[in-house]
Amino acid sequence: MRNIKLTIEYDGKDFNGWQKQPNKLNIQGEIERAIEGVTKEKVELYASGRTDAGVHAFGQVANFKTNSSIPINKMATAINSQLKYSIRIKNAEEVDIGFHSRYNCKEKTYAYVINNEEQASAIFRNMEYHFPKKLDVEKMKEYIVELWNRKWHGSQKLFTTDDIVINKESAVNDDRIGWEDSMYVCVKRMGSEDYIKEYGVPQCIGICATKYKK
């Protein structure tokens, strides 16, 4: 038995999220179908986390177990041959049999992209929110903290605006697609050691305001 770890990139625009759902197009089901097509085995694909309908991923990690003898250096190409072009296996590697994408995950980054230019982009319109007005950075920081504390911790206020740094580095700054950051707001320290011990996964939320390279 082999345990295969996949690094996956997908455009989620046409999908109803990651998780398998009856009679709905989803990422997990499409990849499992593709894997079955090349290994002739039904597999269960375990992801580091689930994405909602319309959400994209640059580095989703998932793993599955197989008795297939397909060489690992050919695995990604083989699976991609059975997939829609909006889903790509970027890398496949053989890992320890006990590895689990969810339980061994150490960090996740969620990025919400705002195009702050005057005119919206035709190319990236499904990957960003167009907001051509001046951004109130301090308010954005306050809302990040409020959202996080209310969503995940109820009345327990673990984070403040002091936990947020503004810098030029972005999880979605990628020369291949021409993004150039003008501002990036990131919660740099999502949780104490107690939080990580309780929930298992430190989190990072990024809100990027971008402009395009000319």
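What you see is a predicted model, and the numbers here were worked out from it, not measured in a lab.

## Some remarks on the sheet that holds strand β3 (residues 57-66)
Here is step 1 of the chain: The strand order across the open sheet built from four strands is β2-β3-β1-β4, with neighbouring strands paired in antiparallel fashion. Every interior strand has two partners, whereas the edge strands, β2 (46-47) and β4 (87-95), have only one.
Here is step 2 of the chain: Bridge count for strand β1 (residues 2-10) against β3 is eight bridges, and the pairing is antiparallel. In the strand pairing of β3, Tyr10 is matched with Ala57.

## Focus: the pattern of salt bridges
Close approach of charged atoms allows side chains with opposite charge to pair.
Here is step 1 of the chain: Under the definition given, this model contains seven salt bridges.
Here is step 2 of the chain: For Glu94, the salt bridge goes to Arg2, with nearest N and O atoms at 3.2 Å. Of this pair, Glu94 sits in strand β4 while Arg2 is found in strand β1, placing the two residues 92 residues apart along the sequence.
Here is step 3 of the chain: When its relative accessible area of 44% is taken as the criterion, Glu94 is described as partly exposed.
Here is step 4 of the chain: On the accessibility criterion, Arg2 (14% relative accessible area) is buried.
Here is step 5 of the chain: Glu44 serves as the salt-bridge partner of Lys20, at 3.7 Å between the closest nitrogen and oxygen. Of this pair, Lys20 sits in the loop between β1 and α1 (27-39) while Glu44 sits in the loop between α1 and β2, and the two are 24 residues apart along the sequence.
Here is step 6 of the chain: On the basis of relative accessible area, Glu44 is assigned to the partly exposed category, the value being 37%.
Here is step 7 of the chain: A cluster of three or more residues bridged by salt bridges with shared partners is formed by Lys20, Glu32 and Glu44.

Calculation rules
- Residues numbered from 1 in each chain as written.
- Predicted model: local features only at pLDDT ≥ 70, side-chain atom pairs only at ≥ 80, totals over all residues.
- Heavy atoms only, no water.
- Pairing = 2+ DSSP bridges.
- Helix = DSSP H or I, 4+ residues; strand = E, 2+ residues; numbered from the N terminus.
- Salt bridge = Lys/Arg side-chain N within 4 Å of Asp/Glu carboxyl O.
- Buried < 20%, exposed > 50% of the residue type's maximum accessible area, 1.4 Å probe, protein only.

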